[in-house]
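# Secondary and tertiary structure notes
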Protein chains: 2
Amino acid sequence: MVKYKKIAQEITNYIVDNQMKRHDKLPVIDEMAIDFNASKSTIVKALDILEAKGQIYQVQGSGIFVRDVYIPGKINLNRPEGLSRTLVGATIVSRVVKVEIIKPNATIQEYLECDPDEDIYMVERTRYIKGEIHSYEKSYFRKKYVRYMNEQIARGSIFTYLEDNLDLTPSFSNAFFQVKQMGVEVASYLECSPETYGLELINQFFLSNGAIFDYSVLWYSPDHAKFFVPSNFY
Amino acid sequence: MVKYKKIAQEITNYIVDNQMKRHDKLPVIDEMAIDFNASKSTIVKALDILEAKGQIYQVQGSGIFVRDVYIPGKINLNRPEGLSRTLVGATIVSRVVKVEIIKPNATIQEYLECDPDEDIYMVERTRYIKGEIHSYEKSYFRKKYVRYMNEQIARGSIFTYLEDNLDLTPSFSNAFFQVKQMGVEVASYLECSPETYGLELINQFFLSNGAIFDYSVLWYSPDHAKFFVPSNFY
């Protein structure tokens, strides 16, 4: 990863770790250059990136201020790093319903941009926060990229496994969402009646070369389906 | 606006105008420098911004490719420029229910970060696409910034009016959303029963100095509540 992106990530971590809130002021550029061990021009570039991503705003002659990077209980869809890193402070427990190898149907082929004869790892999980059901997830990984998967791995953070053990680095993602009736299967996991409307969130995860390696369908129980997206006008 | 942000916006317009799709290749940097009448370093900076915003991806040695900037029928929440510019190709008709000056209650004060005795323009509108109800919106503008408003203005694009006539430039925004029961008032406008669950979208709009000038609550009829958020991992 190029230096300015790494620094941008470190500044984000600094904001989250210090639980900085909207309008809180960041140190001046000279100070950040020392703190983050980078040149001033790298800091400036990192800040431009963070501004574009909606994490800070820069007021000429006044300073650099934090936006809503982290809001307790709400999921920032501009930070696709997985629930455990987005819902800061919450302990998430994953229960694995199933891990199996399947052939993709038409929908899966479309979302994964893959051939019908490819092997796909299907991982089905439920997520709990403080013992309460939080979400239900079905993920599809192309075996071409995710060469091995099992239940034990799926109980932890799959993305951490991919990065640490398979050298697979997610680069970018799409989130699609809409309000839909849950249906029988989803409702049973989320402990609702099948007519209940919930938020269906579909994610596509891309590698740096543009290939899609993971597609997932997530359903949130209504109480936990609270999201936000910081963005800007250019 | 600094040059590289302007160029970033022009490249986005180029992508949208040409209805470019995921994985479509953009011209090489030399060519873009000529097409957009900018230096190569400005193009590079604009591309880094667009990458951070999830609109393109750059593959070393291979080229610069488009991501999902524009998907027919879906609203890109990373492009907060208003419905008419996000839902490309759709003709949106706004009907004004009410425009009045009010004093803010506790919720409005919190979202607008304003004092209880400030004057607020409340604008209530319904939106239609092809004669069908699309959404219901209540917006609150601080009169301190939006000095004048009436029904005729509210029938058009309020943001175009603010920029062209009041010299007010929105700089960034927050979108919050959750699944909720509509309740009697919203359901009557969206032609649903009050128990219907819909997507409630709350927006906060900021000026470049960090002040909030507009806060709005939007309800989408379930069929039209289709959103996406492109993002990335740094």
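Relevant structure appears above.
One structure accompanies this document, and this report is about it. (Residues numbered from 1 in each chain as written. Chains lettered and ligands numbered in written order. Predicted model: local features only at pLDDT ≥ 70, side-chain atom pairs only at ≥ 80, totals over all residues. Heavy atoms only, no water.)

## Focus on empty space enclosed by the protein
- Evaluated as defined, the whole model comprises two cavities of 30 Å³ or more.
- Counted as a void, the largest cavity has a volume near 80 Å³.
- Considering the residues around the largest cavity, the lining is formed by Ala52, Lys53, Asn78, Pro230 and Ser231 of chain A together with Ala52, Lys53, Asn78, Pro230, Ser231 and Asn232 of chain B.
- Of all the elements in the fold, those that place two or more residues in the lining of the largest cavity are strand E10 (226-232) of chain A together with strand E10 (226-232) of chain B.
- Per-element tally for the lining of the largest cavity: the top contributor is E10 of chain B, with three residues.
- The residue inventory of the lining of the largest cavity, partitioned by class, reads four nonpolar, five polar and two charged. (1 Å grid on protein atoms, 1.4 Å probe; cavity = no way out; pocket = protein on both sides within 12 Å on 5 of 7 lines; lining within 4 Å. Points joined across faces, edges and corners; volume = space filled by probe spheres on them. Helix = DSSP H or I, 4+ residues; strand = E, 2+ residues; numbered from the N terminus. Nonpolar A, V, L, I, M, F, W, Y, C, P; charged D, E, K, R; others polar.)

## Description of the pattern of salt bridges
- Under the counting rule described, the total for this entry stands at 24 salt bridges over all chains.
- A salt bridge links Arg22 of chain A to Glu113 of chain B, with the shortest nitrogen-to-oxygen separation between them at 2.8 Å. On the criterion of chain membership, the pair formed by Arg22 of chain A in the loop between helix H1 (3-17) and helix H2 (29-35) and Glu113 of chain B in the loop between helix H5 (106-112) and strand E5 (120-129) is interchain, its members lying in two chains.
- Taking relative accessible area as the criterion, Arg22 of chain A reaches 18% and is therefore assigned buried. (Salt bridge = Lys/Arg side-chain N within 4 Å of Asp/Glu carboxyl O. Buried < 20%, exposed > 50% of the residue type's maximum accessible area, 1.4 Å probe, protein only.)

## Quick word on helix H1 (residues 3-17) of chain B
- For H1 of chain B, which comprises 15 residues, the first-to-last C-alpha distance of 21 Å matches the rise-based estimate of 21 Å (1.5 Å per residue) to within 8%.
- Three or more residues of H1 of chain B are buried, namely Tyr4, Lys5, Ile7, Ala8, Ile11, Thr12, Ile15 and Val16 of chain B.
- Lining the buried residues of H1 of chain B we find helix H3 (40-52) of chain A together with helix H2 (29-35), helix H3 (40-52), strand E1 (56-59) and strand E2 (63-66) of chain B. (Expected span 1.5 Å × (residues − 1). Contact = heavy atoms within 4.5 Å.)

## Observations regarding the packing of aromatic side chains
- Under the defined criterion, the tally for this structure stands at 32 aromatic pairs over all chains.
- Here the aromatic rings of Phe159 of chain A and Phe205 of chain A are separated by 4.9 Å at their centres, their planes lie at 75°, and the arrangement is edge-to-face. With Phe159 of chain A in helix H7 (residues 158-165) and Phe205 of chain A in strand E8 (residues 197-206), this residue pair connects regions lying 46 residues apart in the sequence.
- Its relative accessible area of 11% is what places Phe159 of chain A among the buried residues.
- The class for Phe205 of chain A is buried, based on a relative accessible area of 7%.
- With a centroid separation of 4.6 Å and an interplanar angle of 15°, the aromatic rings of Phe172 of chain B and Phe206 of chain B are classed as stacked. In this pair, Phe172 of chain B sits in strand E7 (residues 172-181) while Phe206 of chain B sits in strand E8 (residues 197-206), placing the two residues 34 residues apart along the sequence.
- The exposure class of Phe172 of chain B is buried, given its relative accessible area of 4%.
- The structure contains a cluster of three or more aromatic residues connected by ring pairs, namely Phe177, Tyr220 and Phe227 of chain A together with Phe177, Tyr220 and Phe227 of chain B.
- Above the plane of the ring of Tyr128 of chain A lies Arg95 of chain A, whose end atom (NZ or CZ) is 4.2 Å from the centre. (Phe/Tyr/Trp six-rings, centres within 6.5 Å; stacked < 30°, edge-to-face > 60°. Lys NZ or Arg CZ within 6 Å of the ring centre and 35° of its normal.)

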